[in-house]
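# Overview (structure and organization)
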Amino acid sequence: MAQPFVENSTGIHNNEKTAEAIWKKCLVTVKETINTQSFKTWFEPIKPLKLEGDELSIEVPSQFFYEWLEEHYYQLIHDTLYQLLGSHIRLVYSVREEDVYNDQNLVLDDIGADNGLNNSLSQHGSDATPDQNRAKVYVAEFQKKPSPNISTMLNPRYTFDNFIKGDSNQFARAAGLAVANNPGGTSFNPLVVYGGVGLGKTHLIQALGNQALELHKDIRVCYVSSEKFTIEFVDAIQSDRVSDFSAYYRSVDLLIVDDIQFFGGKEKTQDNFFHTFNTLHQLGKQIVLSIDRPPKELRGLDERLISRFQWGLTADIQAPDLETRIAILRKKSADDGIEIPQEVIDFIAVNVTSNIRELEGCLISLLAKASLESKDINIDLARDVLQVVVSDIKSPISIEEIQRIVCEYFNIPDDLIRAKTRKQEVVNARQIAMYLVKEMTNSSLKTIGLHFGGRDHSTVIHSCQSVEEQLKVNQRFRDTVVQIKRKIEMSSGR
Ligand code: ADP
Ligand code: MG
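Everything numeric in this text was worked out from a predicted model, so none of it was measured. By convention here, each chain's residues receive numbers from 1 onward along its written sequence. Chains carry letters from A onward and ligands carry numbers from 1 onward, assigned in written order. A pLDDT threshold of at least 70 governs which residues receive local features in this predicted model, and a stricter bar of 80 or more applies before side-chain atom pairs are shown or counted, although totals over entire chains, interfaces and linings include all residues. Side-chain numbers here rest on the full set of heavy atoms in the structure, without hydrogens or water.

## Here we look at the sheet that holds strand β6 (residues 191-195)
Selection criterion: Only strands that DSSP links by at least two bridges are regarded as paired with each other. Elements are defined by DSSP. Helices are runs of H or I of four residues or more, strands are runs of E of two residues or more, and each kind is numbered from the N terminus. Every axis corresponds to a line fitted to the C-alpha atoms, with the helix fit spanning only the stretch in contact, and the corresponding angles, defined between N-to-C directions, vary from 0 to 180 degrees.
Here five strands make up an open sheet; going across it, the order is β7-β8-β9-β6-β10 and the pairing parallel. With one partner strand each, in any of the chains shown, β7 (221-225) and β10 (313-317) form the two edges of the open sheet. Recorded for the sheet is a direction-independent mean angle of 15° between the axes of neighbouring strands. As judged from the five bridges shared by β7 and strand β8 (residues 254-258), these two strands associate in the parallel manner. When the sheet's bridge partners are listed, serine 225 is paired in β8 with aspartate 258.

## Thoughts on the site of ligand 1
We count it as follows: Each residue is tested against the molecule or strand, and it is near if at least one of its non-hydrogen atoms lies within 4 Å. Polar contact is defined as a pair of N or O atoms within 3.5 Å, subject to the rule that within protein one atom must be able to donate a hydrogen and the other to accept it, and that residues adjacent in sequence are counted only when both atoms are side-chain atoms. To be clear on the numbers: accessible area is Shrake-Rupley with a 1.4 Å probe, and residue cover counts the displayed protein chains and nothing else. Residue polarity is assigned by list, with Asp, Glu, Lys and Arg as charged and Ala, Val, Leu, Ile, Met, Phe, Trp, Tyr, Cys and Pro as nonpolar; anything else, Gly included, falls into the polar class.
Near ligand 1 lie 19 residues; those nearest to it are Ile164, Gly198, His203, Arg357 and Glu360. Contacts to ligand 1 include lysine 332, whose side-chain N or O atom sits 3.0 Å from a nitrogen atom. Within the complex, the protein chains bury 96% of what would otherwise be the 550 Å² of accessible surface of ligand 1. Breaking the shell around ligand 1 down by element, the ones donating at least two residues are α5 (201-215), α10 (322-335) and α12 (356-372). When grouped by side-chain class, the residues that make up the shell around ligand 1 number seven nonpolar, seven polar and five charged.

## Brief notes about the pairing of strand β2 (residues 55-60)
Spelled out, the test is: Here's how the labels work: a residue is buried when its accessible area is under 20% of the maximum for its type, exposed when over 50%, partly exposed in between, all with a 1.4 Å probe on protein chains only.
Among the six residues in β2, five count as buried, and that is most of the element. The sheet contact formed by strand β1 (residues 47-52) and β2 spans five bridges and is antiparallel. Bridge assignment links glutamate 52 to a residue of β2, and that residue is glutamate 55. Linking β1 back to β2 in an antiparallel pair, the connection comprises two residues, with glycine 53 at a positive phi of about 60°. By the bridge criterion, six bridges tie β2 to strand β3 (residues 90-95) in an arrangement that is parallel. In the strand pairing of β3, glutamate 59 is matched with serine 94.

Spelled out as C-alpha cells, the structure:
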C-alpha cells in the first residue's frame, strides 16, 4: 500500500520535538480533517503542556471535554500523532482544576486525594497517573496500530453511506460512485467536482477513495490537498528529492487532489502536477479533482491543465435544498446518538441555508451548549446558537399559519378549510392552502392531508395539480396566489 510521501521518515525534525511544535503540527491536520466549528469548540481550547519521551501532555478545560475528545476524536488524534512522530505515543489529558467535579460516577477519583489507581477508564485501556497539581489526569494508551487508511491519507469518516443524497448533489454523487466502482475504467477521467465552500466536495471525493479501496483491495489510492502537494513539492526541491516526489505520485492508481484552486499562481508546482496528471492518464489511472468554482473562473491555473478537464467529466454540487438540509441534520444527530426535537431541526434547516459545514457547525454548537450548560435542546437554545451565525432569524412556517392566512385572505372561518364542505369558495381556498403548504414547508403529502381534515394523499396531489394548472393559464389567479404567499412570508419574518 502506498506510504505517504514525507520529507523524512517521520515528517518532523528533532529540534521540533517540543510539545508545542508537535501539537501545532497535529492541529494543522486536525483542522483539515474536521469541521471548523468542531475544531474551534474542541481543539482550540486545548493547551499542550509537555513532551517527555513518548508521553505528550495536554490540558483540557473540563472532564466533559476529555470524554468528548476520546469518544469522537480518538482515532484522528492517534493517527495524526503517529504520522508526525512515527511512533506510538501516550497522550496525557490534564483536566483544568476549576472544572473538576466530584461525581461519584466518575471512573477516576481526584488524583490529589488518591493515587496509584488503576481504573480502567475507557475502551482504549487508559489509566490514571498521579499529578501534583490536583488536576484530574487521564492517559490514553493508543492502540498498537494506526488505522488502515493512514497511508492513503483518506479519512474513514467520509463515506457514501453518510453522504446524504439530494437534488443538489445527486449528479456528482452518481459520478463519484461510478468512478469508485471502476477507477480508470469509465469515461469520467478526470472526474472534476466543483462547488462552493462547505457543500461536500471533500466528503464526496474521499468517500470515492474509501469506496474504491473497499471494492478493489490492491488498489493504490492517494488523497492529497493541493496545499499539501505544494508544501511537499517545495520540501522536495529543497532536499533535492523531486524525482522521489514525482515517482511517488505517479505510482498510484487513484489520485485524488482536493481544492486545486490553490495551485493558482504556483507555476512550478502546477507544472509538476501537470506532468503527473499526464503520466497517470496515459497509464489509464484514475484522477479525481475538486475545485471551489467553475473551471472557467479559475485564475492563475495553467490553461493546459484546465483543457484536460474536458477529457473527463465536470460535476457540480449546489447548495442543498430544505429537504436535504433537514435530512443531513437528522442523520448527523442520529449518528451522534442525540435526539433533537423535529421543530429544532426544522428551525436550524430553515435558517442555515447556504453551507453544509455551517449547518453542521450549528448542530455541534447546539450540542456543546446543551451539554456544557446542562440545558435542554429546544428552539430557545437553538436561537442562541443561531444568533451568532445568522443575521435575520426566521421561524419555520407552520401548516396552521398558512391555513390561517389563506382563510383570512378569503374571509372564511378557519375550521371550514378542514371541514367536509364542498362549497366552491372553500374548495378553492383549501386547494390553494394545500398547494402553499407543499411549496413552503417540508410536510409530506400524508401530513398535509391529515391537517386538512384527514384527507388522503391523492386528494392533496389532485389539489396541487389543479392549482398548478390554473397558475399556468389564469393571470388573476396567479396574482392572488403570489399575494397570499407574500403575506405568509411576511408573517414568518422572511
Ligand atoms: P467542501 O470540501 O465542499 O468545502 P466538505 O466536504 O468539507 O465541503 O463538507 C463540509 C461538511 O459537510 C463535512 O463535515 C461533510 O461531512 C458535510 N457534508 C457535506 N455534504 C454532505 C452530505 N451530502 N451529507 C452529509 N454530510 C455532508
Ligand atoms: Mg474541502
